[in-house]
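A closer look at the structure
Here are the chains, one letter per residue:
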Amino acid sequence: MLCQICKKNQATVHYTKIINGKIEELHVCEECAANNSELNFNNPFSFHNLWTGLIEGFQNSTPNKTVEKLTCPFCGLDYSQFRETGKFGCAKCYETFKDNLIPLFKGIHGHDKHVGKVPSRANKKAADERRIEKLKKRLQELIDREAFEEAAKLRDEIRQLEKSLKDNRE
Amino acid sequence: MVKWLEESGQYKDVVVSTRIRIARNLNNYRFPQRMNVQEAEKLTQEVLNAVKDMPDDINYKFFKINSLNAAERVAYIEQHLISPGLIQKPDHSSFLLRDDEKATIMINEEDHLRIQVLLSGLNFEEGWNLINKIDDFLETSLDYAYDDRFGYLTACPTNVGTGLRASAMVHIPCLSIIGHIDDMIRGFSKIGLTVRGIYGEGSQAIGDLYQISNQMTLGEDEEEIMAKLKNVIYQIINKERYVRDDLLKKRKYEIEDRIFRSYGILKYTRKISSKEAMMHLSNVRLGKEMGIIDNMEYKQIENLMIDIQPGSIQRIAKRELDDNERDIIRARHIRQSI
């Protein structure tokens, strides 16, 4: 496909813009992309900058010197680098930047707590706790539906699970 | 012939394929973007050792990206067996491909491991069972990075938690004809789903093919994510089928003409671009879906959609081709296959 601007080079940059549901597509070569303010990703409102700005926005809007200097002891990534790239350097980074991550994750996912699969080796306890939480949610649904007989059964099951979890801990 | 397409799946008249991938990382290694070649090599060995005793009756073949030529790399992407991200750092990356091509374990993509399962038609259940089994097995010997609060830890915050991206590729030419695609994309984004082109993030929609996937990975468990997705896919299937019936009733000759013209072009073309070929193949597939064309199988059309892409056509020709040659060989390949 030829570049839509210069009509000479092969289009290698493919750009889709969606504004209020209206979709516009642009196929251009690298050269023309660099000259186009909309496609120039150094533009302060480019997608990349908005995305990393999101990271910034969730920490207080005033840059905090001590947070910026937080450095991961394992991979050496500091917080300002994370802010720039939007990518972690290693698993330890999560611990290092923990305090700043909860609002960020809430912004991206609308949640800040994992509720899915738990590695069986990592933690049987966590898996049980997760299961209990899920069962409790179902219990509430049953109560709301006034299915009391089923609810009573489920309540006993939850109690038993909670008890065994407690016993294991002791 | 692409192996994973051979099995016939459910709802093939709308759903081409189901893909599930999970992102996993190991403790004590930097993430791929920040690691050097030695670390990458060490991690790769560790994964290979873990895979060795997989209690699967089917073997895995190992490929290093830097031992594949440019066309082969692209051809694997075109067959959806690896992601475009895997060929960005050829010295770091490799993959294990299950012999039936239903599963790929990508090593050192954006994350240390990206496990993917690919099935024909709509089939989240089998897909999840298979990927879960592979994951459970690898976990017994690999030290996965996992946090009680945040779940599976990933290089990008958009994957943290389940690390799960589940998607279905749908062929919806009639929703496109009546102009409902934009509404669909807008509606889905409101419920946390994303619509993309056929090669994933940032890719263009071609051949009326769209990939619908979950956006969020934190706060919903895997089954909830896939149940929601499945529900939405069912709605798409029903809507597309309804519009097909309706169009066939109201605009029969227009639709038939469109399908048979495309069939004719593909049968007699001497030179054709991949974009044009995709458009006609999409119409031919619609003909099959509507029962108008009955001498072709879904897998035949889907294979052609892959074969005609730039990397695959060069692999078929067994040599490098320039644009002009590609268009000629593509036309010949299509004529011989139709």
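1. With respect to the domain arrangement of chain B
Interfaces are frequently sized by the accessible area removed from exposure as the parts join. Residues and elements named next belong to chain B. What the domain assignment reports for chain B is domain 1 (3-241) and domain 2 (251-337). Averaged C-alpha coordinates put domain 1 and domain 2 at centres separated by 27 Å. At the interface, 17 residues of domain 1 touch 21 residues of domain 2. In terms of residues, the side of domain 1 that touches domain 2 owes the most to one element, helix H2 (residues 70-78), which gives 6 residues. When the residues that make up the side of domain 1 that touches domain 2 are grouped by side-chain class, the tally is 8 nonpolar, 3 polar and 6 charged.

2. What about the sheet that holds strand S4 (residues 103-107) of chain B?
Adjacent strands of a sheet form backbone hydrogen bonds with each other and so pair up, either parallel or antiparallel. Residues and elements named next belong to chain B. Strand order in this open sheet of 8 strands is S2-S3-S4-S5-S1-S8-S10-S9, and the pairing throughout is antiparallel. Each having just a single partner strand, strand S2 (60-64) and strand S9 (193-196) make up the two edges of the open sheet. For this sheet the average axis-to-axis angle between neighbouring strands, irrespective of direction, equals 20 degrees. Sheet topology note: the S9/strand S10 (residues 209-214) ladder contains 4 bridges and is antiparallel. Across the sheet, residue Val195 finds its bridge partner in S10, namely Ile212. The sheet contacts of helix H1 (residues 37-52) involve S2, strand S3 (94-98), S4 and strand S5 (113-120), and relative to S4 the element is tilted by about 155 degrees. This element, helix H3 (residues 124-139), spans strand S1 (15-24), S4, S5 and strand S8 (164-171) of the sheet and lies at about 150 degrees to S5.

3. What to know about the packing of helix H10 (residues 310-317) of chain B against helix H11 (residues 323-337) of chain B
Residue and element names in this part refer to chain B. Packing of H10 against H11 brings their axes to within 10 Å, and their N-to-C directions diverge by 75 degrees. As judged from the angle between their axes, H10 and H11 are roughly perpendicular. Residues Pro310, Ile313, Ile316 and Ala317 of H10 form the contact with H11, whose own contacting residues are Arg326, Ile329, Arg330 and His333. Counted by class, the contact of H10 with H11 contains 5 nonpolar, 1 polar and 2 charged residues.

Cut-off values and rules
Residues numbered from 1 in each chain as written. Chains lettered and ligands numbered in written order. Predicted model: local features only at pLDDT ≥ 70, side-chain atom pairs only at ≥ 80, totals over all residues. Domains from an automatic or database assignment. Contact = placed C-beta atoms within 7 Å. Helix = DSSP H or I, 4+ residues; strand = E, 2+ residues; numbered from the N terminus. Nonpolar A, V, L, I, M, F, W, Y, C, P; charged D, E, K, R; others polar. Pairing = 2+ DSSP bridges. Axes fitted to C-alpha atoms, helices over the stretch in contact; angles between N-to-C directions. Parallel < 35°, antiparallel > 145°, perpendicular 65-115°, else oblique.

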